[in-house]
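Examination of the molecular architecture
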Protein chains: 2
Amino acid sequence: MDLPKRVIISEEGPREGFQIEKGPIRTADKIALVDALSGCGLAHIQVGSFVNAKHVPGWADAEEVFAGFVPREGIDYSAVWFNEAGLRRALAFKDKLTLAGFISLSASEPFAIRNLNRDRAGQIEAMTRYVQVHRDAGLPIGKIIVMAAFGCNFAGDISTAKVVETVADALAIARDACIEVNDVTLADSMGWATPRRVASAIGAVRDRWPELKIALHLHDTRGQGIACAYEGLRLGVTSFDAAVGGLGGCPFAGQPGAPGNIATEELALLCEEMGISTGLDLEALIEVARLAERIVGHSLPSAALRSGTLATFRRNAA
Amino acid sequence: MDLPKRVIISEEGPREGFQIEKGPIRTADKIALVDALSGCGLAHIQVGSFVNAKHVPGWADAEEVFAGFVPREGIDYSAVWFNEAGLRRALAFKDKLTLAGFISLSASEPFAIRNLNRDRAGQIEAMTRYVQVHRDAGLPIGKIIVMAAFGCNFAGDISTAKVVETVADALAIARDACIEVNDVTLADSMGWATPRRVASAIGAVRDRWPELKIALHLHDTRGQGIACAYEGLRLGVTSFDAAVGGLGGCPFAGQPGAPGNIATEELALLCEEMGISTGLDLEALIEVARLAERIVGHSLPSAALRSGTLATFRRNAA
């Protein structure tokens, strides 16, 4: 079995989680979660979003959270924003954050219309402006994100041709701005991925652009997330997003209550138990997942959080 | 991608679930669950256990449940027992049930000592007697079950050599009784399986006995169950156990509160969404999972149960 030796898992729990939880969640608790995550060996932590508080009330206190967390050496802390106003707010924290924009396009036009009130042409126009604003601010464009890459609650199945078309549109935006982007994240925004769809989409993108590095952003909406991640590993994917405890979910998916992102500790357990190094401290991560449960005030979907790792059993058996 | 065209998922929710739930659960509810499962397209339903009520109080009402459910044409209903007393009780329902014994050995000796108070020699002796009792009663031995085939909370990691040794012991018991057994279920009794361990164990058993048909009995203790099932599918496994809603868990695993079996509806969704026919009505199955939640009085771990299938989204998008 030919699996990668090492993968990078980017933690998106705070950003994904607090945008969807009914809350209100205390600012101090948000900061506590970020600080606790800093002790788990993660290389990347997405702290939060600079977004309109009217649309995402869970991030109305973004400034306080970004001011409050204590950065730890060697960790990239990032933020998300969708327009120039958000970028300005993020720039105020440029000493603490690794700032980069991304070219985000939805493979599903109905999803973009519903989510962003933009058709494909409108998305391209907005992203072209967005890239320009980032160039003007001296910020890099880190990656392309293909939303709804495996299916959509409003459009149904998404063909691999549509995924390829979306990547091509994003690359054209980069090219027009004289920017090189080599990273593409295929995002299963609404939980439609299966291992077969993961293999098809990755295959189609690689056929056309063998040089692109593909990452996966998976949700565990229907219990298929870890199987999809495993398929990614089999195909040599070494970069994944995840959220501690399985926090998160898409607020625009039209499906409240559905489970969120794949749980960081379940993905790390999959990797570590198969000999793939993640650099993560699994026991510490599960403690943080328990903290996340206490903070959001309800149980989170991660099974690994409930059962713990195999380490204690191994120690007791030895 | 070379996946099977068709798989058989055997439902073990009632037996697995009611043996571990704190309850008490009303007999009428147990019967209602079995009857509801009969409407989902399942070919095999394991109804319950004829076991000592002192050890498994959840099945103290086995006779009433077996008497009460309404069998549906074309479905094999089965039961579990572990000794002659249990067999006698099962025989009273031979008109409704497909009765067969099995040769069950634990790949982990510490688990067998803890669970059954028997070392390996004691297990072999007991199983030899058990097979003889079944021959005398004119009942077939349906399969070999290797418990703790991927790891054990009391013994730690289980080598593939130990799995092969366990199958060899079971085949020797069958041979000594002049019985042919061609089916082997590898059971992840305590949630240690990963796709890599599934591949190794299947590979080792097939290398030695290419003629044996391997089935998987997986738990989702740490969120790896569906990924392990997917690895089984990749390797051509076409027979799986599962439990609606993710009911169940091993009462002897020393790990109360851990998630149970892989959820029938999540496994069926994995298969059907990848073009593998299960014969199951997914929507009906999810309704039954919701019924199971109401019956046990707490939420069950299945994510598919919470999010539903993709069918409605597809219909609305069309």
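Residues numbered from 1 in each chain as written. Chains lettered and ligands numbered in written order. Predicted model: local features only at pLDDT ≥ 70, side-chain atom pairs only at ≥ 80, totals over all residues. Heavy atoms only, no water.

1. Things to note about the overall build of chain A
Operational definition: Here a helix means four or more residues in a row that DSSP labels H or I, a strand means two or more in a row labelled E, and each is numbered from the N terminus. Only protein chains enter the accessibility calculation, which uses a 1.4 Å probe; a residue is then buried when its area is under 20% of its type maximum, exposed when over 50%, and partly exposed in between. Note on contacts: a residue pair qualifies if any of its non-hydrogen atoms lie within 4.5 Å across the two residues. Per-residue accessibility takes into account occlusion by the displayed protein chains alone, with areas from the Shrake-Rupley method and a 1.4 Å probe.
Scanning chain A for helices and strands turns up 13 helices and eight strands. By principal-axis analysis of the C-alpha atoms, chain A measures approximately 60 × 45 × 35 Å. Counting every position in chain A, which comprises 318 residues, the buried fraction comes to 61%. Summarising the internal contacts of chain A: among those between residues at least 6 apart in sequence, 75% fall at separations of at least 24. As displayed, chain A offers around 12,200 Å² of accessible surface, 50% of which is attributable to carbon and sulfur atoms.

2. Quick word on the domain arrangement of chain A
Residue and element names in this part refer to chain A. Worth spelling out the cut-off: Where each domain begins and ends follows an automated or database-derived domain assignment. Whenever a carboxyl oxygen of Asp or Glu lies within 4 Å of a side-chain nitrogen of Lys or Arg, that contact is scored as a salt bridge. Distance and chemistry together define a polar contact, namely a pair of N or O atoms within 3.5 Å, with one atom able to donate a hydrogen and the other to accept it when in protein, and with adjacent residues in sequence counting only for side-chain atoms on both sides.
Once the domains are mapped, chain A shows domain 1 (1-99 + 243-318) and domain 2 (101-236). Computed over C-alpha atoms, the centres of domain 1 and domain 2 are 21 Å apart. Contacts between the two partners involve 33 residues from domain 1, matched on the other side by 27 residues from domain 2. In this structure, the connection of domain 1 to domain 2 is made through zero salt bridges. Seen at the junction of domain 1 and domain 2, the total is six residue pairs in polar contact (both at pLDDT 80 or more).

3. Considering the interface of chain A and chain B
Going by this rule: What gets called buried area is simply the loss in accessible area from a 1.4 Å probe that two parts show on being joined, summed for both. Residues are sorted three ways: Asp, Glu, Lys and Arg are charged, Ala, Val, Leu, Ile, Met, Phe, Trp, Tyr, Cys and Pro are nonpolar, and all the rest, Gly among them, are polar.
In this assembly, 44 residues from chain A lie in contact with 44 residues from chain B. Interface of chain A and chain B: buried area, both sides summed, is about 3,600 Å²; carbon and sulfur atoms make up 59% of it. Across the contact surface, chain A and chain B share four salt bridges. Here chain A and chain B share 14 residue pairs in polar contact (both at pLDDT 80 or more) between them. Of all the secondary structure elements, the ones that give two or more residues to the side of chain A that touches chain B are helix H8 (195-208), helix H9 (225-234), helix H10 (264-273), helix H12 (303-307) and helix H13 (311-317) of chain A. In terms of residues, the side of chain A that touches chain B owes the most to one element, H9(A), which gives five residues. Classifying every residue of the side of chain A that touches chain B by side-chain character gives 20 nonpolar, 13 polar and 11 charged.

4. Remarks on the pattern of salt bridges
All names here are of chain A. Scanning the entire structure with this criterion turns up 34 salt bridges over all chains. Here glutamate 165 makes a salt bridge to lysine 162, at a shortest N to O gap of 3.8 Å. Of the two residues, glutamate 165 and lysine 162 both sit in helix H7 (residues 160-176), three residues apart, roughly one turn of that helix. Take lysine 162: its relative accessible area is 32%, and that puts it in the partly exposed class. Taken together, the shared-partner salt bridges connect Arg120, Lys162, Glu165 and Asp169 into one network.

5. Quick word on the side chain of Glu273(A)
When you line up the elements, Glu273(A) lands in helix H10. Residue class for Glu273(A) comes out buried when judged on its relative accessible area of 16%. At a separation of 2.8 Å, a polar atom in the side chain of Glu273(A) contacts the side chain of Arg314(A). Within the structure, Glu273(A) has its side chain in polar contact with the side chain of Arg197(B) (distance 2.3 Å). Those residues within four positions of Glu273(A) in sequence are excluded, and the remaining contacts are Leu310(A), Arg314(A), Thr194(B) and Arg197(B).

6. Topic: the packing of helix H6 (residues 120-136) of chain B against helix H7 (residues 160-176) of chain B
Residues and elements named next belong to chain B. Rules: Angular values range over 0 to 180 degrees, each being the angle between N-to-C directions of two axes fitted as lines to C-alpha atoms, with helices fitted over their stretch in contact. Helix crossings are classified by the rotation of the near helix relative to the far one: an anticlockwise turn of less than a right angle makes the crossing left-handed, while a clockwise turn makes it right-handed.
Viewed as axis vectors pointing N to C, H6 and H7 meet at an angle of 35°, and their least axial separation amounts to 10 Å. Judged by the sense of rotation from one axis to the other, the crossing of H6 with H7 is right-handed. Residue-level contacts link Arg120, Ile124, Met127, Thr128 and Val131 of H6 to Lys162, Glu165, Thr166, Asp169 and Ile173 of H7. Split by residue class, the contact of H6 with H7 holds four nonpolar, two polar and four charged.

7. Let's talk about the relation of the copies chain A and chain B
Cut-off, in case you're wondering: For the least-squares superposition of copies, only C-alpha atoms count, and only for residues with pLDDT at least 70 in both.
For the pair chain A and chain B, the best superposition has an RMSD of 0.0 Å and corresponds to a rotation of 180° with a translation of 0.0 Å parallel to the axis. Here the transformation between the copies is reduced to the relation of a two-fold axis. Residue Ala227(A) of chain A places its C-alpha closer to the rotation axis than any other residue of that unit, at 1.9 Å.

8. A closer look at unusual backbone geometry
Comment: phi is negative for the bulk of residues other than glycine, and the bulk of peptide bonds are trans. All names here are of chain B. Even without being a glycine, asparagine 117 presents a positive backbone phi close to 60°. Note on placement: asparagine 117 falls in the loop between helix H5 (109-116) and H6. Despite not being glycine, alanine 148 shows a phi value in the positive range, around 55°. Positionally, alanine 148 belongs in the loop between strand E5 (141-147) and H7. In this structure alanine 148 comes out as buried when scored by relative accessible area, which is 0%.

9. Overview of helix H5 (residues 109-116) of chain A
Along an α-helix, residues three or four apart share an orientation, since each turn contains 3.6 residues. Residue and element names in this part refer to chain A. What counts is decided by this rule: Our arc is simply the arc of the directions from the helix axis toward the C-beta atoms.
Buried within H5 are the following residues: Phe111, Ala112 and Asn115. Taken down its axis, H5 places every buried residue within 100° of arc, on the same side. Those residues of H5 that are buried lie in contact with strand E4 (101-106), helix H6 (120-136) and strand E5 (141-147). Measuring from the side-chain oxygen of the N-cap residue of H5 to the backbone nitrogen of phenylalanine 111 gives 3.1 Å; that N-cap residue is serine 108. Immediately downstream of H5, the backbone of asparagine 117 shows phi near 60°, a positive value.

10. Regarding the nonpolar core
How we decide: As used here, the term nonpolar core means buried Ala, Val, Leu, Ile, Met, Phe, Trp, Tyr and Cys residues forming a set that is joined through side-chain atoms within 4.5 Å.
Core analysis: the biggest nonpolar cluster contains 226 residues, and Leu186(A), Leu267(A), Leu186(B) and Leu267(B) have the highest contact counts within it. Apart from the residues within four sequence positions on either side, Leu267(B) is in contact with Ile9(B), Ile226(B), Ala229(B), Phe240(B), Ala242(B) and Ile262(B).

11. Looking at the packing of aromatic side chains
Selection criterion: Only the six-membered ring of Trp is used, alongside the rings of Phe and Tyr, when aromatic pairs are assigned; centres must lie within 6.5 Å, and planes under 30 degrees apart are stacked while those over 60 apart are edge-to-face, with the rest tilted. A ring has a charge above it when a Lys NZ or an Arg CZ is no more than 6 Å from the ring centre and no more than 35 degrees off the ring normal.
Inspection of every chain in the model, using the stated rule, returns 17 aromatic pairs over all chains. When the centroid spacing of 5.8 Å and the interplanar angle of 40° are considered together, the rings of Phe66(B) and Phe93(B) count as tilted. A residue pair is termed long-range when its members are at least 10 positions apart, and Phe66(B) in helix H3 (residues 62-68) and Phe93(B) in the loop between helix H4 (84-91) and strand E4 (101-106) qualify at 27 residues. Since its relative accessible area comes to 0%, Phe66(B) is described here as buried. On the basis of relative accessible area, Phe93(B) is assigned to the buried category, the value being 12%. Put simply, the rings of Phe50(A), Phe66(A) and Phe93(A) touch in pairs and so form one group of aromatic residues. Looking at Lys30(A), its charged tip hangs above the ring of Trp59(A), at a distance of 5.2 Å from the centre.

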